[in-house]
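Architecture and fold: a report
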2 protein chains.
Amino acid sequence: MLPIRIEDADDPRIAEFRAIRERDLTGREGRFIAEGTVVLRMLSAAHQHGTDFRAEKILLLENRVGGLVEVLAEFPPEVPVYVASGEVLDRIAGFHLHRGVLALGRRIGQATAGDVLEGLDASALVVAAFGISNHDNIGSIFRNAAAFGADAVILDQGCCDPLYRKALRVSVGSVLSVPYARGGSACDVLAALAERNFAVWGLSPSGKTEIRAVPPADRMALITGTEGEGLPAAILATIRTARIAQAPGLDSLNAATATGIALYEIAMAQGRL
Amino acid sequence: MLPIRIEDADDPRIAEFRAIRERDLTGREGRFIAEGTVVLRMLSAAHQHGTDFRAEKILLLENRVGGLVEVLAEFPPEVPVYVASGEVLDRIAGFHLHRGVLALGRRIGQATAGDVLEGLDASALVVAAFGISNHDNIGSIFRNAAAFGADAVILDQGCCDPLYRKALRVSVGSVLSVPYARGGSACDVLAALAERNFAVWGLSPSGKTEIRAVPPADRMALITGTEGEGLPAAILATIRTARIAQAPGLDSLNAATATGIALYEIAMAQGRL
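Numbers given to residues run from 1 along each chain, matching the order in which its sequence is written. Each chain gets a letter, beginning with A, and each ligand a number, beginning with 1, in the order they are written. Owing to the predicted nature of the model, reporting of local features is limited to residues with pLDDT of at least 70; listing and counting of side-chain atom pairs is limited to 80 or more, with chain, interface and lining totals taken over all residues. Note that water and hydrogens are dropped before the side-chain values are worked out from all heavy atoms of the structure.

An unreviewed UniProt entry lists chain A under the name RNA methyltransferase, from Rhizobium deserti.

Following this line, the structure appears as structure tokens:
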């Protein structure tokens, strides 16, 4: 399909890309904005692999089209590709979009934690996150999950949507490749994991076992909470807990780094890497 | 000292806080902006401990003063404290400053890598970074260095200034507590480490030794490069290299996470945690 030129920032065909910094499309029927070449490639791959994600339209800075011909060819022909000058594109987006690559995607399924967990092998590694409302941290959890070969991410209802533009970008598109579910309470998630024989470990600065001493199991789940307060005491009381040793008297680690260290240790213990 | 009320965003007494998002003060005689309560506390501590940092002035949202009385009392009486309404403060800063806490600091010394390394014990852990121009990544390196008890950070001349507002904020103020030097070429830094008997390990996805198998030594230095390209081949050829195992076929880890994992492993191997 030939790219369609957009001359007017108010053109209704590209309405979903307007003022994308300020608003969040994710509430609207699972739509999301994929930004940048790497995330566009992940959206293309998700399309081809028959996952729950579909591209609806693509909007590019005119001088980016040449370099993206091969990526664009992997999308179905019914996905329109719009192009605009830098000036028009910045007016559409509402800020200077130096990457010049946007796509509108849609999540067509809504798998539950149970659905996602049912599909896993006898040997599995899952990350579950509770109450994480920071988009960078959600994105980082997916990036780390992908880097260390985790099989799924489970988010409770208190987590923000990983399809939010910034979370998706920070994840380097991993939100589109690592199977995930979002919804239900923390207790629902813990019950779903226990039913399926997952050894569940909560990550906390006050955890009882140093992370590298956590014994391996066939099915393991790492639970992570918010950066400031961490997992609630009521949850930590019901599961085994792991800590990451730190120098005394300091602020705890950044949430992304803590999750990365814990996933590396557990994946190594399971012999997955 | 009683807070001084600022009514006019153009008041020359608070000129250094004007439009702070767009400009970088660090080039000007080592001045920097500390933002937020946590960083303000670190600046106060740096002051008291006789480090190279001094506070020059403080600017607060009027309703923050009450909660900061104890922190403010730790600064010398000659450091003026200015207060402004939210409206005036936002006009000064040039954007909505929801934290409402700013300080202007100054670095009064310029230690070289040699100066910093000379002061270290027989047992030491140093992080050196080459060519890192991303402020988040520089800030994260300091935060991780502090979390795992590293004794110093050495930045080559290709790294951005860690006193830049955003780097300082991401470091949670650790730039003011972990001794560091910035300057010289990567070769200069490697030579300074070798002269002082540091076992030098470069972190790279193509590293030869898995990070948890790196043998401990009394003095160890971890070298980290940029997120995309990593350390140059010419440098990797001259030092021992370590990798962090990852699932195949994926983008490498975020630089902050990779440095965090490597520092945790090395600090554990040295028995520092």
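Now, onward.
Time to look at the overall build of chain A. Strands are runs of DSSP state E lasting at least 2 residues, helices are runs of H or I lasting at least 4, and numbering of each runs from the N terminus. Per the secondary structure count, chain A includes nine helices and 12 strands. C-alpha extents for chain A along the principal axes are approximately 60 × 40 × 30 Å. Buried residues in chain A amount to 55% of all 273 residues. The long-range share in chain A, meaning contacts at least 24 apart out of those at least 6 apart in sequence, stands at 76%. Only the protein chains shown count as cover for residues, and all accessible areas are computed by the Shrake-Rupley method using a 1.4 Å probe. Surface accessibility of chain A: about 11300 Å² in total, with carbon and sulfur atoms responsible for 50%. Of the charged side chains in chain A, 27 are positive and 32 negative; the average position of the first set lies 2 Å away from that of the second. Burial status follows relative accessibility: with a 1.4 Å probe on protein chains alone, a residue under 20% of its type maximum counts as buried, one over 50% as exposed, and anything between as partly exposed. By the convention used here, residues are in contact when the closest approach between their heavy atoms is within 4.5 Å. Counted charges follow a simple rule, with Lys and Arg positive, Asp and Glu negative, and His plus the chain ends left uncounted. Taken as the charge location is NZ of Lys, CZ of Arg, CG of Asp or CD of Glu.

Here we take up the relation of the copies chain B and chain A. For the pair chain B and chain A, the relating rotation is 180°, the translation along its axis is 0.0 Å, and the fit reaches an RMSD of 0.0 Å. Accordingly, the operation relating the two chain copies is best matched by a two-fold axis. For chain B, the minimum C-alpha distance to the rotation axis belongs to T257 of chain B and amounts to 2.3 Å. In this assembly, 100% of the residues forming the interface of chain B have copies in chain A that are likewise at the interface, indicating an isologous arrangement. Here the copies are superposed with least squares, the fitted atoms being C-alpha atoms of residues at a pLDDT of at least 70 in both.

Attention shifts here to the side chain of S44 of chain A. Inspection of the secondary structure puts S44 of chain A in helix α1 (residues 37-48). If sequence neighbours within four positions are ignored, S44 of chain A has contacts with V71, E74 and F75 of chain A.

All names here are of chain A. When the domains of chain A are assigned, the result is domain 1 (4-107) and domain 2 (113-269). Distance from the C-alpha centre of domain 1 to the C-alpha centre of domain 2: 30 Å. Definition used for salt bridges: Asp or Glu carboxyl oxygen within 4 Å of a side-chain nitrogen of Lys or Arg. Counting every contact that joins domain 1 to domain 2 gives two salt bridges. The salt bridge partner of R165 is E35, with a shortest N-O separation of 3.0 Å. Two N or O atoms count as a polar contact when they lie within 3.5 Å, although within protein this holds only if one can serve as hydrogen donor and the other as acceptor, and sequence-adjacent residues are included solely when both atoms are side-chain atoms. In this assembly, domain 1 and domain 2 are joined by three residue pairs in polar contact (both at pLDDT 80 or more). It is α1 that provides the largest number of residues to the side of domain 1 that touches domain 2, a total of five residues. Residue polarity is assigned by list, with Asp, Glu, Lys and Arg as charged and Ala, Val, Leu, Ile, Met, Phe, Trp, Tyr, Cys and Pro as nonpolar; anything else, Gly included, falls into the polar class. Its residues assigned to classes, the side of domain 1 that touches domain 2 comprises 11 nonpolar, two polar and five charged. Residue ranges for the domains trace back to a domain assignment, done automatically or taken from a database.

All names here are of chain B. Angles run from 0 to 180 degrees between N-to-C directions of axes, and those axes are lines fitted to C-alpha atoms, restricted for helices to the stretch in contact. At their nearest, the axes of helix α5 (residues 135-147) and helix α9 (residues 255-269) sit 9 Å apart, and the two run at 20° to each other. In this view, α5 runs roughly parallel relative to α9, as classed from their interaxial angle. Between α5 and α9 lies a crossing whose hand is right-handed. Of the residues in α9, those touching α5 at N137, S140, I141, N144 and A145 are A255, A256, T259, G260 and L263. For the contact of α5 with α9, a count of residues per class yields five nonpolar, five polar and no charged. Each angle gets one of four labels, with under 35 degrees taken as roughly parallel, over 145 as roughly antiparallel, 65 to 115 as roughly perpendicular, and the rest as oblique. A clockwise turn of the near helix away from the far one marks a right-handed crossing, whereas an anticlockwise turn of less than a right angle marks a left-handed crossing.

What follows deals with the pattern of salt bridges. One pass over the full model with this rule turns up 30 salt bridges over all chains. Between R212 of chain B and E265 of chain A there is a salt bridge; the shortest N-O distance is 2.7 Å. Of this pair, R212 of chain B sits in the loop between β10 (209-210) and β11 (219-224) while E265 of chain A sits in helix α9 (residues 255-269), which puts the two residues in different chains. Given a relative accessible area of 1%, E265 of chain A falls into the buried group. Among the charged side chains, a salt-bridge network with shared partners connects R31, E56 and R106 of chain A.

Moving on to the environment of I211 of chain B. Mapping I211 of chain B onto the fold places it in the loop between β10 and β11. Here I211 of chain B falls in the buried class, since its relative accessible area comes to 2%. In the structure, I211 of chain B is positioned 52 residues away from L263 of chain B in sequence and 9.3 Å away in space, judged by C-alpha atoms. Setting aside chain neighbours within four positions, we find I211 of chain B in contact with Y264 of chain A together with L203, A242, R243, I244, A262, E265 and I266 of chain B.

A word on the interface of chain B and chain A. Chain B puts 28 residues into the contact, and the matching count from chain A is 28 residues. Accessible surface is computed with a 1.4 Å probe, and the buried area is the amount of it that two parts give up when combined, taken over both parts together. Note on chain B versus chain A: buried area summed over both sides is about 2200 Å², and carbon and sulfur give 59% of it. Sorting the residues of chain B by area buried against chain A places R143, R212 and Y264 of chain B first, and these three jointly supply 25% of that buried surface. At the junction of chain B with chain A, the criterion picks out two salt bridges. Taken together, chain B and chain A are joined by seven residue pairs in polar contact (both at pLDDT 80 or more). At the level of secondary structure, the elements contributing two or more residues to the side of chain B that touches chain A comprise α5 and α9 of chain B. Here the element with the most residues in the side of chain B that touches chain A is α9 of chain B; it accounts for seven residues. Taken together, the residues of the side of chain B that touches chain A sort by class into 15 nonpolar, seven polar and six charged.

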